Amino acid sequence: MNANAKSAILRGLKTYAPPKRTPLRRKSWASKTGEARPARGLRRRSKGERPKAVAANDRDHSMFIRIRDKRQTGGYCVFGCGRHIGCAFHFYTRIHTATRWDDSNVVGSCSGCNMENEYRPAKYQSWFIDRYGAEAWAALGRKSQTIVKWGVPELKAINAEIRAKLKKICLDRPPTV
């Protein structure tokens, strides 16, 4: 504000208004892409090929693990809590891609034990060590720390292996009475 404007305000001749700023204008969505904007509820990102392959591997491997361990324990949680198997329990979480679909890293458990592992993992680590040994735990830990980036062909090959194991375990049903 300049000196003349200040003196004019002080004399009461006119009120001071700051200069108007023009807001930054966004370009409309249509002008960026050249097409009309779809309705809000209809805009959906489609999954790429890799996320679909990872999801298929997770689904099939979880099914294989749950069926395998239901056969071994009669349908109850492997940790002996007395509840039914409802999910696949990973000793090293699924973020470790090297051990994500490793059969020795995953067992069938109830959702309660799976959730409790987040807060008290030592109980389940000791169960693993009692059952498979400290050497197996150390080897699994080393394997989980390796960095692996699976491509789509490798993911599809892993899925084929998982499906073959799943098919084999489903065909080897115990006789019903």
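Placed above this text is the structure.
Numbering of residues starts from 1 in each chain and follows the order in which that chain's sequence is written. It should be noted that, the model being predicted, local features are given only for residues of pLDDT at least 70 and side-chain atom pairs only at 80 or more, the latter also being counted only at that level, while totals for whole chains, interfaces and linings use all residues. The side-chain values count all of the structure's non-hydrogen atoms but skip hydrogen atoms and water molecules.

Draft legend 1. Summary view of the overall build of the chain. Along the chain, the regular secondary structure elements total 7 helices and 2 strands. Per-residue burial over the chain gives 31% buried out of 177 residues. Sequence separation of at least 24 residues holds for 63% of the intrachain contacts in the chain that already meet a minimum separation of 6. To be clear on the numbers: accessible area is Shrake-Rupley with a 1.4 Å probe, and residue cover counts the displayed protein chains and nothing else. Entry remark: accessible area of the chain is about 13200 Å², with carbon and sulfur atoms responsible for 55%. Numbering of helices and strands starts at the N terminus; helices are DSSP runs of H or I of at least 4 residues and strands are runs of E of at least 2. When a residue's accessible area, from a 1.4 Å probe over protein chains only, is under 20% of the maximum for its type it is buried; when over 50% it is exposed; and in between it is partly exposed. What makes two residues a contact is simply this: any of their non-hydrogen atoms within 4.5 Å.

Draft legend 2. Looking closely at the packing of helix 3 (residues 49-73) against helix 7 (residues 152-171). Axes, fitted as lines to C-alpha atoms, cover a helix only where it is in contact. Angles between the N-to-C directions of the axes lie from 0 to 180 degrees. Orientation of helix 3 relative to helix 7, taken along the N-to-C sense of each, is 25°, at an axis distance of 9 Å. Classified by the angle their axes make, helix 3 and helix 7 are roughly parallel. The two elements helix 3 and helix 7 cross, and the hand of that crossing is left-handed. The residue makeup of the contact of helix 3 with helix 7, split by class, is 13 nonpolar, 3 polar and 9 charged. Here the word oblique covers every angle except those under 35 degrees (roughly parallel), over 145 (roughly antiparallel) and from 65 to 115 (roughly perpendicular). Put simply, a crossing is left-handed when the front helix is turned counterclockwise from the back one by less than a right angle, and right-handed when it is turned clockwise. Gly is placed with the polar residues, together with every amino acid not listed as nonpolar (Ala, Val, Leu, Ile, Met, Phe, Trp, Tyr, Cys and Pro) or charged (Asp, Glu, Lys and Arg).

Draft legend 3. Geometry of the environment of Thr93. Along the chain, the position of Thr93 falls in the loop between strand 1 (87-90) and strand 2 (106-109). Counting along the chain gives 12 residues from Thr93 to Asn105, while the straight-line C-alpha distance between them is 8.9 Å.

Draft legend 4. Representation of the pattern of salt bridges in the model. Put simply, a salt bridge is a Lys or Arg side-chain nitrogen that is within 4 Å of an Asp or Glu carboxyl oxygen. Under the criterion given, the structure shown has 10 salt bridges. Two residues, Asp69 and Arg68, come together in a salt bridge whose shortest N-O distance is 3.0 Å. Between Lys123 and Glu116 there is a salt bridge, with the nearest N and O atoms lying 3.6 Å from each other.

Just geometry here; none of it tells us what the structure is for.
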